Amino acid sequence: MKPQDFPKEIRSYLIPEKAGRLAYHCLGCGTVHGIDKLLYTCPDCGQVLLIQDEQFDRLRQIPGPLWRRIFDYRRMLKIPALKGIYLYHEFIGSVIPLSDIVYLGEGHTPIVSANNTLQELAGMAFFFKNDGQNPSASFKDRGMASAFSYINYLIKSGKIKNVLAVCASTGDTSAAAALYAAYLKPHVKSAVLLPHKKVTPQQLSQPLGSGARVFEIPGVFDDCMKVVEHLAEHYPVALLNSKNAWRILGQESYSYEIAQDFEYDMAGKVIVVPIGNAGNITAVMSGFLKFYDIGIIDVLPKIIGVQSAHANPVYRYYMEPDPAKRRFVPMAVKPSVAQAAMIGNPVSMPRVIHLAEKYNQIAGEQRVFFVEVTEQEIMDWELTANHNGHIACTHGGESLAGLVRARQTGLVDTDETAVVDSTAHALKFAGFQEMYFENRFPDEFGIHPDPRLMNRPVYMRPDDLEKVPAPGNPIDGEDFEKFVRRVSEEIARTLDLVAL
Ligand SMILES: *Cc1c(COP(=O)(O)O)cnc(C)c1O
Ligand SMILES: [Zn+2]
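Residues numbered from 1 in each chain as written. Chains lettered and ligands numbered in written order. Predicted model: local features only at pLDDT ≥ 70, side-chain atom pairs only at ≥ 80, totals over all residues. Heavy atoms only, no water.

Right, let's get into the domain arrangement of the protein chain. When the domains of the protein chain are assigned, the result is domain 1 (111–135 + 252–445), domain 2 (140–250) and domain 3 (459–500). One C-alpha centre belongs to domain 1, the other to domain 3; they are set 47 Å apart. (Domains from an automatic or database assignment.)

Around the zinc ion (ligand 2), the donor atoms from the protein are Cys26 (SG), Cys29 (SG), Cys42 (SG) and Cys45 (SG), and they sit 2.3 Å away. Coordination at the zinc ion (ligand 2) is tetrahedral: its four donor atoms span angles of 93 to 117 degrees at the metal. Between the donor residues of the zinc ion (ligand 2), the gaps in sequence give the motif C-x2-C-x12-C-x2-C. Using a relative accessible area of 40% as the deciding quantity, one classes Cys29 as partly exposed. (Donors = N, O, S within 2.8 Å, 3.2 Å for Na, K, Ca; no water. Tetrahedral: all angles 85-135°; square planar, octahedral: opposite > 155°, others 65-115°. Buried < 20%, exposed > 50% of the residue type's maximum accessible area, 1.4 Å probe, protein only.)

All right, on to the site of ligand 1 then. Every one of the 13 residues lining ligand 1 counts as a neighbour, but Lys140, Asp172, Asn277, Asn280 and Thr423 are closest to it. At 2.6 Å, a side-chain N or O of Asp172 approaches an oxygen atom of ligand 1. Gly276 is positioned such that a nitrogen or oxygen atom in its backbone is 2.8 Å from an oxygen atom of ligand 1. Contact with the protein chains hides 97% of the accessible area of ligand 1, taken as 380 Å² for the molecule alone. Partitioned by chemical class, the residues of the shell around ligand 1 number five nonpolar, six polar and two charged. (Near = heavy atom within 4 Å. Polar contact = N/O pair within 3.5 Å; in protein donor to acceptor, adjacent residues only side chain to side chain. Areas by Shrake-Rupley, 256 points an atom, 1.4 Å probe, with all protein chains shown as cover. Nonpolar A, V, L, I, M, F, W, Y, C, P; charged D, E, K, R; others polar.)

Per the UniProt record, "modified residue: N6-(pyridoxal phosphate)lysine" (unreviewed entry) is annotated on Lys140. With respect to the element layout, Lys140 can be found in helix 5 (residues 140–156). For Lys140, a relative accessible area of 10% gives the class buried. Among residues more than four places away in sequence, those in contact with Lys140 are Asp172, Thr173, Ala176, Arg247 and Gln251. (UniProt positions renumbered as here; feature names shortened; annotations may be inferred. Helix = DSSP H or I, 4+ residues; strand = E, 2+ residues; numbered from the N terminus. Contact = heavy atoms within 4.5 Å.)

When the UniProt feature table is mapped onto this chain, "domain: Tryptophan synthase beta chain-like PALP" (unreviewed entry) is found at residues 104–420. Along residues 104–420, the helical share is 44% and the strand share 17%, with 24 Å between the first and last C-alpha atoms.

A separate point is the sheet that holds strand 12 (residues 368–373). Taken in spatial order, the six strands of this open sheet run 4-5-13-10-11-12, and their pairing is mixed. The open sheet has two free edges, formed respectively by strand 4 (111–113) and strand 12, since each of these has just one partner strand. Averaged over all pairs of adjacent strands, the angle between their axes in this sheet comes to 25 degrees, without regard to strand direction. When strand 4 meets strand 5 (residues 125–130), the two strands line up antiparallel, connected through three bridges. Bridge assignment links Val112 to a residue of strand 5, and that residue is Phe128. In this fold helix 11 (residues 279–293) packs onto strand 10 (269–274), strand 11 (302–308), strand 12 and strand 13 (417–422), with an angle of close to 155 degrees to the strand it touches most, strand 10. (Pairing = 2+ DSSP bridges. Axes fitted to C-alpha atoms, helices over the stretch in contact; angles between N-to-C directions.)

Before going further, it helps to spend a moment on the pattern of salt bridges. In the structure shown here, the tally under the stated rule is 27 salt bridges. The shortest N-O distance in the salt bridge between Lys156 and Asp100 comes to 3.5 Å. Highlighted residues: Lys156 in helix 5 and Asp100 in the loop between helix 3 (89–92) and strand 4, separated in sequence by 56 residues. Salt-bridge contacts for Glu377 lead to Arg405; the nearest nitrogen and oxygen are separated by 2.6 Å. (Salt bridge = Lys/Arg side-chain N within 4 Å of Asp/Glu carboxyl O.)

Phe91, Phe148, Leu240, Trp246, Phe288 and Phe291 are the most contacted members of the largest nonpolar core, which has 111 residues in total. Looking at this core element by element, the count peaks at nine residues for helix 5. Domain assignment of the residues forming this core places at least three in each of domain 1 (111–135 + 252–445) and domain 2 (140–250). Every residue in contact with Trp246, bar those within four places of it in the chain, is listed here: Leu22, Tyr24, Ile35, Ile51, Val95, Ile96, Gly143, Ser146, Ala147 and Tyr150. Judged by nonpolar contacts, the second largest core, of 41 residues, contains Val404, Val420, Tyr436 and Leu453. (Core = buried A, V, L, I, M, F, W, Y, C linked by side-chain atoms within 4.5 Å.)

Before going further, it helps to examine the packing of helix 14 (residues 375–386) against helix 15 (residues 394–408). Their axes nearest at 7 Å, the elements helix 14 and helix 15 cross at an angle of 105 degrees. Judged on the interaxial angle alone, helix 15 and helix 14 are roughly perpendicular. Residues Glu377, Ile378, Met379, Trp381, Glu382 and Ala385 of helix 14 pack against Thr394, Gly397, Glu398, Leu400, Ala401, Val404 and Arg405 of helix 15. Residues of the contact of helix 14 with helix 15, tallied by class, amount to seven nonpolar, two polar and four charged. (Parallel < 35°, antiparallel > 145°, perpendicular 65-115°, else oblique.)

The next thing to look at is the sheet that holds strand 2 (residues 32–34). Read across the sheet, three strands follow the order 2-1-3 without closing on themselves; strand pairing throughout is antiparallel. Of all strands in the sheet, those with a lone pairing partner are strand 2 and strand 3 (49–53), marking the two edges. Strand-to-strand twist across the sheet, computed as the mean angle between neighbouring axes with direction ignored, equals 40 degrees. Where strand 1 (residues 22–26) meets strand 2, three bridges bridge the pair, whose relative direction is antiparallel. Bridge assignment links His25 to a residue of strand 2, and that residue is Val32.

We now examine helix 10 (residues 253–261). By the criterion of burial, helix 10 is predominantly enclosed, with eight of the nine residues buried. Taken together, the buried positions of helix 10 are occupied by Ser253, Tyr254, Ser255, Tyr256, Glu257, Ile258, Ala259 and Gln260. One or two positions beyond helix 10, positive phi appears at Glu263, with a value near 55 degrees.

Taken as a whole and judged by the stated rule, the model has 25 aromatic pairs. When the ring of Phe91 is compared with that of Phe291, the centres are 5.1 Å apart and the planes differ by 75 degrees; the resulting orientation is edge-to-face. Taken as a pair, Phe91 in helix 3 and Phe291 in helix 11 lie far apart in primary sequence, 200 residues in all. Each member of the pair, Phe91 together with Phe291, is buried. Judged by centre distance (6.3 Å) and plane angle (20 degrees), the rings of Phe148 and Tyr180 are stacked. Taken together, the positions of Phe148 in helix 5 and Tyr180 in helix 6 (residues 172–183) put the pair 32 residues apart, joining distant regions of the chain. For the residue pair Phe148 and Tyr180, the accessibility class agrees, reading buried in each case. (Phe/Tyr/Trp six-rings, centres within 6.5 Å; stacked < 30°, edge-to-face > 60°.)

Here it is in structure tokens:
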């Protein structure tokens, strides 16, 4: 729809202008730092940062119901910069002019209702939000769109040049960073650090395909993270991990999208996300808090963070019911099929502690919860979901297993409706599905396949056929007719089909 065709009272709000005053806020010492430089931690105390708009109060001039209409109408515009996370420009990166926004098709991923069979199995109504339908096939693209739009803005305004974007990754961060960096060629180059043999072949192919420099490092993600932090401290590089607060800001769109998809009615809603480095759950809490603060939503939804028992430092922290006695202890992780969440020392832990407390306090009751699940449950629920028409990755399976656990333990009620994050596309983690189908998980995973969920291809080559076609070697005539008939007969027999 063209701007002149929108209702008069909406028109002036449709296309956002550069506005607001963003700043880094330190969660340790409270110092506020300007955003003209790329900062990842507080120069004074070393703590992580969150970006805040010093002029956030200006957004209150527009009442909540009008904001809802603005966002709903804005969705009908055909301006690429406003098609992704910057549909919520005023809340996401309001200082970036539309002309500098990088949009590669991220955000606004579909929410797909579970069918009746799957809802019965899970014991309640729920949707998957398919974040695998982002351009690099994971939710990380929202944060990268934000971070790279900001970098692009700094480049265009002459504040930085020849940027080298670096990140450590369990696979998806590097895929996303390399993709967005490639788009900003020749001003931006990228280098990614991956734990050797701890990302899937599909994930490894992504930064390679985007032309990034790829380094494989011994150890696990937490080790790569330390190297990247050292690089960021000692060399002129742009850090693209979720330590970078611009990543968090962009990922807040996830909450805004859900609010909009449910007509801003968050009553009885439960948001389920897996936790690795804890950037995602940070952004989800922060996003809902902002929309609630401005009156765009009237209720803060429940949030359930899920971890595998093999990498559960956040869950362990919250196992202690008395906040005064909680102590964060980084852990050595064990192998997990939720490989992108195999993190023992989450960078965003201070953000989670800060925001979960704030969230519960503003809600007036506990509304952020943490559960853990087994590796077996993760695989079984992923495959069960996909047997019912979904494209969930292992982390989607982890989230669904977490929802079921939360229902069983009474954290959620059967009359609530959940939105379960399938954070990446099933195809990225097809190797784990294969290990399940072939029953060859190493013992340390503790996964024993359920025969009802296993599946194998059947090679159909009837023994009585002398000739079968081969690539470059077709057969014809009677041989071919016989081939078609015999193979059909064998398939029909296998499928118990009765001839017409
Ligand atoms: C990064 C990632 C996670 C973990 O998200 P955090 O923000 O690190 O907690 C989960 N699933 C997938 C597929 C990911 O790529
Ligand atoms: Zn500080």
